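Breakdown of the fold
Here is how the chains run, residue by residue.
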Amino acid sequence: MKYYSTNKQVPEVSFEKAIFQGLPDDNGLYMPKTITQLPRAFFENIHDMELHDIAYEVAKCYIEDEIPEEELRKIVAGTLSFDLPLVEVEDNVYALELYHGPTCAFKDVGARFLARCLSYFSRQSDKKATILVATSGDTGSAVASGFLGMKNINVVILYPKGKISKIQEQQLTTLGENITACEVEGTFDDCQKMVKDAFLNLELKEKYNLTSANSINMARLVPQSFYYFWTYAMLGGDKDLYISVPSGNYGNLTAGLLAKKMGLPIKQYIASANANDIVPAYLRSGNFEPRRSVETISNAMDVGNPSNFYRMNDLFGAEVDNFRNELKGYTYSDEQTADTIKQVYGDTGYLLDPHGAVGYLGLKEYMKDHDGIGVFLETAHPAKFLDVVEPIIDEKVEIPQRLQDYIEREKVAIEINADLGQLESILEKL
Ligand SMILES: Cc1ncc(COP(=O)(O)O)c(C=O)c1O
Ligand SMILES: N[C@@H](CCOP(=O)(O)O)C(=O)O
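Residues numbered from 1 in each chain as written. Chains lettered and ligands numbered in written order. Predicted model: local features only at pLDDT ≥ 70, side-chain atom pairs only at ≥ 80, totals over all residues. Heavy atoms only, no water.

Observations concerning the overall build of the chain
Along the chain, the regular secondary structure elements total 20 helices and 13 strands. For the chain, the spread of C-alpha atoms along the principal axes amounts to about 55 × 50 × 40 Å. Accessible surface, the chain as shown: approximately 16,700 Å² in total, 44% of it carbon and sulfur. Computing the positive centroid from 42 side-chain charges and the negative centroid from 63, the chain places the two 5 Å apart. (Helix = DSSP H or I, 4+ residues; strand = E, 2+ residues; numbered from the N terminus. Areas by Shrake-Rupley, 256 points an atom, 1.4 Å probe, with all protein chains shown as cover. Lys, Arg positive; Asp, Glu negative; His and termini not counted. Charge placed at Lys NZ, Arg CZ, Asp CG, Glu CD.)

Structural notes on the site of ligand 1
Around ligand 1 sit 15 residues, and of these Lys107, Asp138, Gly248, Tyr250 and Thr379 come closest. Contact distances for ligand 1 include 2.8 Å between an oxygen atom and a backbone N or O atom of Tyr250. (Near = heavy atom within 4 Å. Polar contact = N/O pair within 3.5 Å; in protein donor to acceptor, adjacent residues only side chain to side chain.)

As for the packing of helix α16 (residues 334–348) against helix α17 (residues 354–367)
As a packed pair, α16 and α17 sit with axes 9 Å apart at the nearest point and diverge in direction by 90°. Comparing their axes, α17 and α16 come out roughly perpendicular. Between α16 and α17, the residues in contact are Gln336, Thr337, Thr340, Ile341, Gln343 and Val344 and Pro354, Ala357, Val358, Tyr360 and Leu361, respectively. Each residue belonging to the contact of α16 with α17 can be placed in one class, and the counts come to seven nonpolar, four polar and no charged. (Axes fitted to C-alpha atoms, helices over the stretch in contact; angles between N-to-C directions. Parallel < 35°, antiparallel > 145°, perpendicular 65-115°, else oblique. Contact = heavy atoms within 4.5 Å. Nonpolar A, V, L, I, M, F, W, Y, C, P; charged D, E, K, R; others polar.)

Structural notes on helix α4 (residues 69–79)
Inspection of α4 places Leu72, Ile75, Val76 and Thr79 among the buried residues, and these make up the whole buried set. Across the axial projection of α4, the buried residues extend over an arc of 95°, all falling on one side. Buried-residue contacts for α4 involve α3 (51–63) and α5 (107–121). (Buried < 20%, exposed > 50% of the residue type's maximum accessible area, 1.4 Å probe, protein only. Arc of directions from axis to C-beta.)

A word on the packing of aromatic side chains
Counting across every chain of the model gives 21 aromatic pairs. Taking the centre distance of 6.4 Å and the plane angle of 15° together, the rings of Phe43 and Phe229 count as stacked. On the criterion of sequence distance, the pair formed by Phe43 in helix α2 (residues 40–45) and Phe229 in helix α11 (residues 226–235) is long-range, its members being 186 residues apart. Here Phe229 falls in the buried class, since its relative accessible area comes to 0%. Between Phe309 and Phe323, the aromatic rings sit 5.4 Å apart at their centres with planes inclined by 25°, giving stacked as the arrangement. You can see Phe309 sitting in helix α14 (residues 309–316) and its partner Phe323 sitting in helix α15 (residues 320–326), a full 14 residues away along the chain. Overall, the relative accessible area of 3% leaves Phe309 in the buried class. Here a set of aromatic residues connected by ring pairs shows up, and it is made of Tyr282, Phe288, Phe309, Tyr310, Phe316 and Phe323. Stacked on the ring of Tyr56, the Lys or Arg Arg73 has its end atom at 3.9 Å from the ring centre. Here the basic side chain of Arg123 rests over the ring of Tyr120, its NZ or CZ set 4.0 Å away from the ring centre. (Phe/Tyr/Trp six-rings, centres within 6.5 Å; stacked < 30°, edge-to-face > 60°. Lys NZ or Arg CZ within 6 Å of the ring centre and 35° of its normal.)

Overview of the UniProt feature "domain: Tryptophan synthase beta chain-like PALP" (unreviewed entry) in the chain
The positions UniProt marks with the feature "domain: Tryptophan synthase beta chain-like PALP" (unreviewed entry) are residues 90–365. The straight-line gap between the two end C-alpha atoms of residues 90–365 is 14 Å; of that span, 47% is helix and 17% is strand. (UniProt positions renumbered as here; feature names shortened; annotations may be inferred.)

Some details on the nonpolar core
Ranked by size, the top nonpolar core spans 103 residues in total, and within it Tyr62, Phe113, Tyr228, Phe229 and Tyr269 carry the most contacts. When near neighbours in sequence (up to four residues on either side) are disregarded, Tyr62 contacts Met1, Tyr3, Phe15, Pro32, Met218, Val222, Leu258 and Met262. Core analysis: the next-biggest nonpolar cluster, separate from the first, contains 37 residues, Val89, Val93, Ala357 and Val388 among them. (Core = buried A, V, L, I, M, F, W, Y, C linked by side-chain atoms within 4.5 Å.)

Structure (structure tokens):
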């Protein structure tokens, strides 16, 4: 499969090149040249298929013969070594729980798939690479866990100081080995800009052999689209299916939209946002206006300049009316998010995390006027946000052992300003 840049100023590249390059040199984002339509028989049989077989068929459309079948099946099986359960919260309202992986957030699937693909392609090489990643909380921990101890790979994580939860911070600052955490004076957008600036500095990119593990990288989006096929396999059929995606950088939603383009019969996608509502605001006004992010209780979605907007632009065509035909978008305050966590817990016993709560709200809003089956993505375990969730429900939240393990460890992070020069001096010392 060939990949083009959304800015169309650089040549098309293979899947391998696209995932090693991360960001194309013209500051666009890679997109598959053709989006393969899966045959009707696939969708007829999907309800009887195993998750690994579905995921393999989907991944093959993006990778084609660059990875042989046996190896790709191993990559998929190694990635998806935990469940993606669908839990009925209310009649016709389901949570797709994406937090059963090692770091308790949906990013585990993307990070593990990327790590395995990079490792497959570099198995014959001794060349060192540096994974540079910006995080508002969850990508960083998933990437740290997915790449920990990998030969010839250094991981450098940039996170906004004081703007992620305590457990998230422990998850990305306590592993040591080949993982370096940088606590940046600024917002997630400052961190993401530093990553992009580093990639656009060709000397720096070459010298440290930089690769991205953010959703900039196509090998993050391909596995995230498995979620949507899996949902359809379990729930799709006669009734219309709606999926609400709590969104920040819009990688997860873009993966869903790609799945729909491949033929997946999802009736409606809903972009559910916190106060950083750049895309819902675009749907309302027709103007895409990135702005400085504000802090919310769904901190991992505090993104003011969502990078995947340009991929959605390419999928829909740049007209806002095309977006409006494909996507609904809603935005919620912290107060609404907190009230929802409390109310749903009280009424059903189901504990939402703040991001899932935003997704739930968007789904319920859409379903006021639409009959069918609704799914919201539960993107992180509520225990990752103890300081937010416990006071809302006025109860202790049980912490899974794999999160508990991080709590006692010592934090090691390098404090820096949002300055490329300071980042370069860290890269130099690795
Ligand atoms: C828990 C959680 N929910 C939702 C999101 C938003 O996902 P995306 O950036 O793909 O829109 C993130 C961060 O990416 C997250 O960590
Ligand atoms: N919410 C993310 C922000 C980065 O998003 P990505 O999907 O582009 O990696 C986080 O938790 O770090």
